[in-house]
Amino acid sequence: MRRRIYLTTRDFHLYSGLFISPFVLIFAISVFFLVHAWVPGLSPEATAPKRTVHGLHLSADVENLSGRPRVDAIRDVLDQAGVQGEIGFIRHMPKERRLVVPVSVPGRETTIEIDVLTRSAVVVERQTGLADALIMLHKSPGPHLANIRMNWLPMLVWRWLADATVYLLLLLSATGIYLWIPLRAERKIGIALLTAGAFSLIGVIYAIAR
């Protein structure tokens with residue numbers, strides 16, 4: 001019985017690690033782009049010509065809405081304008097009767113400026129490159145504007161995968177320790193590495209908290 005549990009745990013540890021390895025790789029590589037704001041050749045930031053969309057069907061109270069209801073109303077406008085992506089925020093300029101909405105897809109950012117009076121919108125698309133794409137995936141989901149975030153289905157799926165990656169990493173850590181304990185020949189070096197890791201973590205926390 002104990003051997004069966006050990007073998008099952010070993011298989012789970014192996015295959016779960018293989019499954020989440022691409023996601024861990026994305027998070028690891030994107031850290032370098034977060035630390036170094038620009039990487040040569042990876043962020044061309046090419047801007048496409050502006051285009052204007054007329055005859056939009058706008059919700060009558062779109063300017064009075066807030067939070068998720070406003071995002072849902074703007075989502076319909078984006079569909080009419082042929083714009084896909086995650087809505088970052090909605091800037092309302094009441095005096096001008098305009099709404100400015102940045103919409104992001106990994107590697108591309110689109111800004112759509114909606115004129116409520118004329119029921120038209122100006123769409124500007126900018127290619128931001130691989131570095132920005134990885135940074136976006138790294139930072140999403142996040143605590144900023146959590147009440148409107150994950151309003152685009154692919155990013156919602158990405159949040160589920162990111163959560164799954166975190167949970168599986170916790171399980172991999174636990175199963176890794178479980179698999180290591182019976183290995184007598186590896187106990188000393190394992191204890192040494194665990195101790196070194198613990199002291200490194202404590203040292204980093206102490207240095208940041210000072």
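Quick notes on the rules
Residues numbered from 1 in each chain as written. Predicted model: local features only at pLDDT ≥ 70, side-chain atom pairs only at ≥ 80, totals over all residues. Heavy atoms only, no water. Phe/Tyr/Trp six-rings, centres within 6.5 Å; stacked < 30°, edge-to-face > 60°. Helix = DSSP H or I, 4+ residues; strand = E, 2+ residues; numbered from the N terminus. Buried < 20%, exposed > 50% of the residue type's maximum accessible area, 1.4 Å probe, protein only. Contact = heavy atoms within 4.5 Å. Core = buried A, V, L, I, M, F, W, Y, C linked by side-chain atoms within 4.5 Å. Polar contact = N/O pair within 3.5 Å; in protein donor to acceptor, adjacent residues only side chain to side chain. Pairing = 2+ DSSP bridges. Salt bridge = Lys/Arg side-chain N within 4 Å of Asp/Glu carboxyl O.

A closer look at the packing of aromatic side chains
One pass over the structure, following the stated rule, counts 4 aromatic pairs. Seen from their ring centres, Phe23 and Trp158 are 6.1 Å apart, and the 45° between their planes marks the pair as tilted. In this pair, Phe23 is assigned in helix 1 (residues 2–35) and Trp158 in helix 4 (residues 153–180), connecting sequence segments 135 residues apart. Take Trp158: its relative accessible area is 9%, and that puts it in the buried class. Taken together, Phe19, Phe23, Phe27 and Trp158 form an aromatic cluster joined through their ring pairs.

A closer look at helix 3 (residues 129–139)
When helix 3 is considered as a whole, its buried residues turn out to be Gly129, Ala131, Ala133, Leu134, Ile135, Met136 and Leu137. Buried residues belonging to helix 3 abut helix 1, strand 3 (86–87), strand 5 (98–105), strand 7 (120–127) and helix 4.

Notes on the nonpolar core
Soluble, globular proteins show a tendency: their nonpolar side chains are buried together. The biggest cluster of nonpolar side chains holds 22 residues, and the ones touching the most others in it are Ile74, Ile87, Val101, Ile112 and Ile114. When contributions to this core are tallied by element, the ones reaching two or more residues are helix 2 (67–81), strand 5, strand 6 (108–115) and strand 7. Ranked by size, the runner-up nonpolar core spans 11 residues in total, among them Val105, Leu137, Met150 and Leu156.

Thoughts on the environment of Arg119
Residue position: Arg119 is located in the loop between strand 6 and strand 7. The class of Arg119 is partly exposed, set by a relative accessible area of 37%. Linking Arg119 and His57, residues 62 residues apart in sequence, is a C-alpha distance of 7.1 Å. Aside from chain neighbours lying at most four places away, what touches Arg119 is Val53, His54, Gly55, Leu56, His57 and Leu58.

Thoughts on the environment of Ser16
With respect to the helices and strands, Ser16 occurs in helix 1. Residue class for Ser16 comes out buried when judged on its relative accessible area of 9%. Contacts of Ser16, omitting those with residues within four sequence positions, involve Leu168 and Leu172. Separated by 2.8 Å, the side chain of Ser16 and the backbone oxygen of Phe12 make a polar contact.

Quick word on the pairing of strand 6
Pairing geometry for strand 5 and strand 6, over 8 bridges, is antiparallel. If you follow Val101 over to strand 6, its bridge partner there is Ile112. The loop that links strand 5 with its antiparallel partner strand 6 comprises 2 residues; one of these, Gly107, has a positive phi angle of about 95°. Relative to strand 7, strand 6 runs antiparallel, the two sharing 8 bridges. Within the sheet, the bridge partner assigned to Ile114 lies in strand 7 and is Ala121. Joining the antiparallel neighbours strand 6 and strand 7 is a turn of 4 residues, in which Arg119 adopts a positive phi near 55°.

Here we look at the pattern of salt bridges
For the structure on display, the rule yields 7 salt bridges. For the salt bridge of Asp11 with Arg10, the shortest nitrogen-to-oxygen distance reads 4.0 Å. Overall, Arg10 belongs to the partly exposed group, its relative accessible area being 43%. Across the salt bridge formed by Arg98 and Glu96, the nearest N and O atoms sit 3.8 Å from each other. Judged by relative accessible area, which is 23%, Arg98 ranks as partly exposed. Since its relative accessible area comes to 46%, Glu96 is described here as partly exposed. Through salt bridges with shared partners, one network takes in Glu96, Arg98, Glu113 and Asp115.

As far as function goes, none of this settles anything; it's purely spatial.
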